[in-house]
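Next come the chains, spelled out residue by residue.
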Amino acid sequence: MPRKTYVAAIQEALAEEMRRDERVFLIGEDVRIGVFPSTRGLHAEFGDRRVIDTPISELAVAGAGIGAAVTGLRPIVDLMFGTFLYLAFDQIANQAGAMRYMYGGQTKVPLVFMVQSGAGSSAGHHHSQAVHQFFMNMPQIKVILPSTPYDGKGLLKSAIRDDNPVIFLHSLSLGGKRGEVPSDEYLLPIGVADVKRSGSDVTICAVGPTVYTALEAAEKLATEGLEAEVIDLRSLSPWDKRTVLESVAKTGRFVAVDESFPTCSAASEWAATVAEEAFPDLKAPVQRVTNADVPMPFSPVLEKAVLPSAADVVAAVHRTLT
Amino acid sequence: MHHQDIALEVVLDIYTRVLRIRRFEEEVGRLFRQGQLPGFVHLYIGEEAVAAGVCAALTDDDTIISTHRGHGHVIAKGGDLNRMMAELFGKATGYCKGKGGSMHIADFDIGMLGAIGIVGGGMPIAVGAGLSAWYTDSDRVSVCFFGDGAANEGSFHESLNLASTLRLPVIFVCENNQYGEFTPALQAMNISDIADRGAGYGIPGLVADGTDALEMYRVAKAAVTRARDGGGPTLIEAKTHRRGSHAEGEEAFLGGQTYRSDEEMAAARTKDPLLLLHSYVSENDILPAAQLETLDAEITQSVAEAVDAARDSPAPEIESLFEDLWV
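Fair warning: this is a prediction, and the values are worked out from it, not measured in the lab.

### Comments concerning the overall build of chain B
Next up, step 1: Each helix and strand in chain B was counted, giving 11 helices and eight strands.
Next up, step 2: Whereas a compact globule of 327 residues would reach a radius of gyration of roughly 20 Å, chain B reaches 19 Å, a difference of no more than 12%.
Next up, step 3: Projecting the C-alpha coordinates of chain B onto the three principal axes gives extents of approximately 55 × 50 × 45 Å.
Next up, step 4: Partitioning the contacts of chain B with sequence separation of at least 6, the portion at a separation of at least 24 is 74%.
Next up, step 5: Only carbon and sulfur atoms are counted for the fraction: they give 52% of the accessible area of chain B, which is about 12,900 Å².
Next up, step 6: In chain B, 26 side chains carry a positive charge and 48 a negative one; their mean positions are 1 Å apart.

Structure below.
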């Protein structure tokens, strides 16, 4: 099976879906030139009409995507960085997720907002935040944050074929990561987790880059004789509650690892759900490992210190044992 | 009013649209005062000429986007009074099954892509409808209704610039009714004509008399033709006047304060779009007086029937809360 980078897998998903369905198009700033490698080369194949460069106008571009979606097209709106979604908040929170419901099911909004999300390039607060947790709070918006090239491709293709608004977050820190990506077409279902490692002592739930943090922690725990089960949620909304609860039923311990600021983080939602629905299974209080509660700092040393580390995860697991 | 070039059947069509809006809105105002309608209600009385004139220049395939003050746009585009009224009552038979309400009525079958309760919120979506027409080589145009208040939102700037740079078939119709809520439009901007802003985007910016439905029709028709021919967007500023409240029952917010003079309101009444058009129709013998009265009676009757039907309609089932979710 060929090994490809995470961004190459995303580019492949975009190209395949654009070839398959003429209603699919890409719109955003500098998508022609492909300022991010995930969109490079698409303009050469698909031309001006289907790879549309826009002014730097996140609100209008997001809304234009919605307008195109409700009139029969399937836009992929590339807004570059997760933090730029904040500039388009009205269109996402008030319109995209609500339109179908608000208008009594008269329309559907088949639309993908695609952004890079999270830390990893030492770019400071405005280009380094993970933003997925905000959109988990919005009804009827799907949110995906894959951790591998394989998942990235399969989930992006599903997102493009989905008839609902989807926020597809690809992790800035994982862009160069390589993994096996089949040459034959495949799709992955949105909302289904992937158990990365089986274990019976503790359940560690993660998403995107924190999956690797959790796996690294699991290796260290193994040297202590502790077997951790590591779950990669892959989708944040909807999220695979059942896989998590089944795992906790087996392990009795739960640690949520998430690159969000702590309050109302994705980890908060997972932890609350486990505490609410799996309390009888728990042998210890649930634990959260998140970013430090400060804006993202610039210096690589400080940025690293803000993010969840494998040592933080190991410490959290230890807390469930005392 | 000098509109001899506009065909008589078109004049009558526009007159009918204006009258339908007026009679519907008058009844909605009454129902609200009687405490029969939940939520907020923003009436379109005094501004009917804009929606009626513009929508008469459109085909059924063309799309429109509306605002929190959106009843007139739905009616002008050909919306169903029964389904509208039922929606205002929050009933299961309403356009949105009671999930939208006054500020969120849509009828996708007639190209009415929705009223949007956020000021300026519909503007980018209208650009997207225009993008869709361009993308599919359709000759459809997209009309974006918005108010003077929206012209000060960031979405106005982004939307006009985006539509202009992509040369999309979008017609931006600014209904300058002189007030953003209770603040005079002229206090909220340092120019007298919003139309001047078109120049900043390299598109035509036209001022039109928003109390003259036939002028609105003429100006819109030219903008529609330009858009269909690939000429790109036009900004039309319709100077009009909000006859009634920002929202019905505004006295409760104002606590006895006033924000408009009696003189101003009296002057506005002399420019009533329905009376102006009625005079034109009468003076030009477009329809005999008796038939005009019959038309009015028919419309009044259809509004009354819509109210009866809405009252008799069932409330939404609680189970419907979980319908119309992800496809």
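### Focus: the interface of chain A and chain B
Next up, step 1: Of the residues lining the interface, 46 residues belong to chain A; the matching set on chain B comes to 42 residues.
Next up, step 2: Contact between chain A and chain B buries roughly 3,500 Å² in total, counting both sides, with carbon and sulfur atoms accounting for 64%.
Next up, step 3: Counting every contact that joins chain A to chain B gives one salt bridge.
Next up, step 4: Of the charged contacts in the structure, one is a salt bridge between A:R49 and B:D137, with a shortest N-O distance of 3.1 Å.
Next up, step 5: Viewed at the interface, chain B and chain A are joined by 22 residue pairs in polar contact (both at pLDDT 80 or more).
Next up, step 6: Ranked by residue count, the leading element in the side of chain A that touches chain B is helix α3 (residues 58-69) of chain A, at nine residues.
Next up, step 7: Partitioned by chemical class, the residues of the side of chain A that touches chain B number 19 nonpolar, 15 polar and 12 charged.

### Digging into the packing of aromatic side chains
Next up, step 1: Counted by the stated rule, this structure contains 13 aromatic pairs over all chains.
Next up, step 2: Across the ring face of A:Y212, the terminal group of A:K177 is positioned such that the distance to the ring centre comes to 4.2 Å.
Next up, step 3: Above the face of the B:Y179 ring, B:R260 is positioned so that its terminal group lies 5.5 Å from the ring centre.

### Considering the pattern of salt bridges
Next up, step 1: Inspection of the entire model under this criterion finds 40 salt bridges over all chains.
Next up, step 2: In this structure, A:K153 and A:E16 form a salt bridge, with 2.6 Å as the shortest nitrogen-oxygen distance. With A:K153 in helix α7 (residues 149-161) and A:E16 in helix α1 (residues 6-20), this residue pair connects regions lying 137 residues apart in the sequence. The same class applies to A:K153 as to A:E16, namely buried.
Next up, step 3: The residue B:R22 makes a salt bridge to B:D272 at a minimum N-O spacing of 3.0 Å. Taken together, the residues B:R22 in helix α1 (residues 8-33) and B:D272 in the loop between α9 (262-269) and α10 (273-283) connect sequence positions 250 residues apart.

### Considerations on the sheet that holds strand β3 (residues 51-53) of chain A
Residues and elements named next belong to chain A.
Next up, step 1: What the seven strands build is an open sheet, ordered β3-β2-β4-β5-β7-β6-β12; its pairing is mixed. Strands at the two margins of the open sheet, each flanked by one partner only, are β3 and β12 (235-237). Pairs of neighbouring strands in the sheet enclose a mean axial angle of 20°, with direction left out of account.
Next up, step 2: Bridging between strand β2 (residues 24-28) and β3 involves three bridges; their strand directions are parallel. Counterpart to I27 in the pairing with β3 is I52.

### Thoughts on helix α6 (residues 154-165) of chain B
Next up, step 1: With 12 residues, α6(B) ought to run about 16 Å at 1.5 Å a step, and its terminal C-alpha atoms sit 17 Å apart, in line with that.
Next up, step 2: Residues of α6(B) that are buried: B:S155, B:F156, B:E158, B:S159, B:L160, B:L162, B:A163 and B:S164.
Next up, step 3: Contacts from the buried residues of α6(B) go to α3 of chain A together with α5 (123-135), β3 (142-147), β4 (170-176) and β8 (234-239) of chain B.

### A short note on the state of the cysteines
Residues and elements named next belong to chain B.
Next up, step 1: Under the definition given, this model contains zero disulfides over all chains.
Next up, step 2: Not engaged in a disulfide, the cysteine C55 finds its nearest cysteine sulfur in C144; these two sulfurs lie 12 Å apart.
Next up, step 3: Judged by relative accessible area, which is 3%, C55 ranks as buried.
Next up, step 4: You can see C174 has no disulfide; the closest cysteine sulfur is in C144, sitting 9.6 Å from it.

### Concerning the pairing of strand β7 (residues 205-209) of chain B
Residues and elements named next belong to chain B.
Next up, step 1: In this structure, β7 lies alongside β8, joined through five bridges in parallel fashion. Looking at the pairing, D209 lines up with K239 of β8.
Next up, step 2: For the crossover from β7 across helix α7 (residues 213-228) to β8, the handedness is right-handed.

### Re the sheet that holds strand β1 (residues 63-66) of chain B
Residue and element names in this part refer to chain B.
Next up, step 1: Strand order across the open sheet formed by six strands is β2-β1-β3-β4-β8-β7, with parallel pairing between neighbours. Strands at the two margins of the open sheet, each flanked by one partner only, are β2 (112-115) and β7. Direction aside, the axes of adjacent strands within the sheet are offset by 15° on average.
Next up, step 2: Pairing geometry for β1 and β2, over two bridges, is parallel. Bridging from a neighbouring strand, I64 pairs with M112 of β2.
Next up, step 3: Packing against the sheet, α6 makes contact with β3, β4 and β8, and its axis sits at approximately 150° to β4.

### Some details on the packing of helix α2 (residues 48-56) of chain B against α7(B)
All names here are of chain B.
Next up, step 1: Interhelical geometry of α2 versus α7 gives an angle of 40° and a closest axis separation of 7 Å. Classed by the angle they form, the pair α2 and α7 counts as oblique. The chirality of how α2 crosses α7 is right-handed. Residues A49, V50, G53, V54 and A56 of α2 pack against A213, M216, Y217 and A220 of α7.
Next up, step 2: Counted by class, the contact of α2 with α7 contains eight nonpolar, one polar and no charged residues.

### Quick notes on α7(B)
All names here are of chain B.
Next up, step 1: Spanning 16 residues, α7 covers 22 Å between terminal C-alpha atoms, matching the ideal 22 Å at 1.5 Å per step.
Next up, step 2: Looking at α7, one finds that the buried residues are A213, L214, M216, Y217, V219, A220, A223, V224 and A227.
Next up, step 3: Where α7 ends, the next residue or the one after it, G230, has phi of about 85°, a positive value.

### Section: the domain arrangement of chain A
Residues and elements named next belong to chain A.
Next up, step 1: Under the domain assignment used here, chain A contains domain 1 (3-180) and domain 2 (194-319).
Next up, step 2: Taken together, the contact pairs 28 residues of domain 1 with 29 residues of domain 2.
Next up, step 3: When the buried surface of domain 1 facing domain 2 is broken down by residue, S122, M136 and L145 rank first, second and third, together holding 26% of it.
Next up, step 4: On inspection of domain 1 and its partner domain 2, the count reaches one salt bridge.
Next up, step 5: Here D151 and R234 are joined by a salt bridge, their closest N and O atoms 3.0 Å apart.
Next up, step 6: The tally of links between domain 1 and domain 2 comes to 15 residue pairs in polar contact (both at pLDDT 80 or more).

What counts and what doesn't
Residues numbered from 1 in each chain as written. Chains lettered and ligands numbered in written order. Predicted model: local features only at pLDDT ≥ 70, side-chain atom pairs only at ≥ 80, totals over all residues. Heavy atoms only, no water. Helix = DSSP H or I, 4+ residues; strand = E, 2+ residues; numbered from the N terminus. Rg over C-alpha atoms; globule rule 2.2 N^0.38 Å. Contact = heavy atoms within 4.5 Å. Areas by Shrake-Rupley, 256 points an atom, 1.4 Å probe, with all protein chains shown as cover. Lys, Arg positive; Asp, Glu negative; His and termini not counted. Charge placed at Lys NZ, Arg CZ, Asp CG, Glu CD. Buried area = accessible area lost by both parts, 1.4 Å probe. Salt bridge = Lys/Arg side-chain N within 4 Å of Asp/Glu carboxyl O. Polar contact = N/O pair within 3.5 Å; in protein donor to acceptor, adjacent residues only side chain to side chain. Nonpolar A, V, L, I, M, F, W, Y, C, P; charged D, E, K, R; others polar. Phe/Tyr/Trp six-rings, centres within 6.5 Å; stacked < 30°, edge-to-face > 60°. Lys NZ or Arg CZ within 6 Å of the ring centre and 35° of its normal. Buried < 20%, exposed > 50% of the residue type's maximum accessible area, 1.4 Å probe, protein only. Pairing = 2+ DSSP bridges. Axes fitted to C-alpha atoms, helices over the stretch in contact; angles between N-to-C directions. Expected span 1.5 Å × (residues − 1). Disulfide = S-S within 2.5 Å. Right-handed = clockwise from strand over helix to strand, strands pointing away. Parallel < 35°, antiparallel > 145°, perpendicular 65-115°, else oblique. Left-handed = near helix turned anticlockwise from the far one by under 90°. Domains from an automatic or database assignment.

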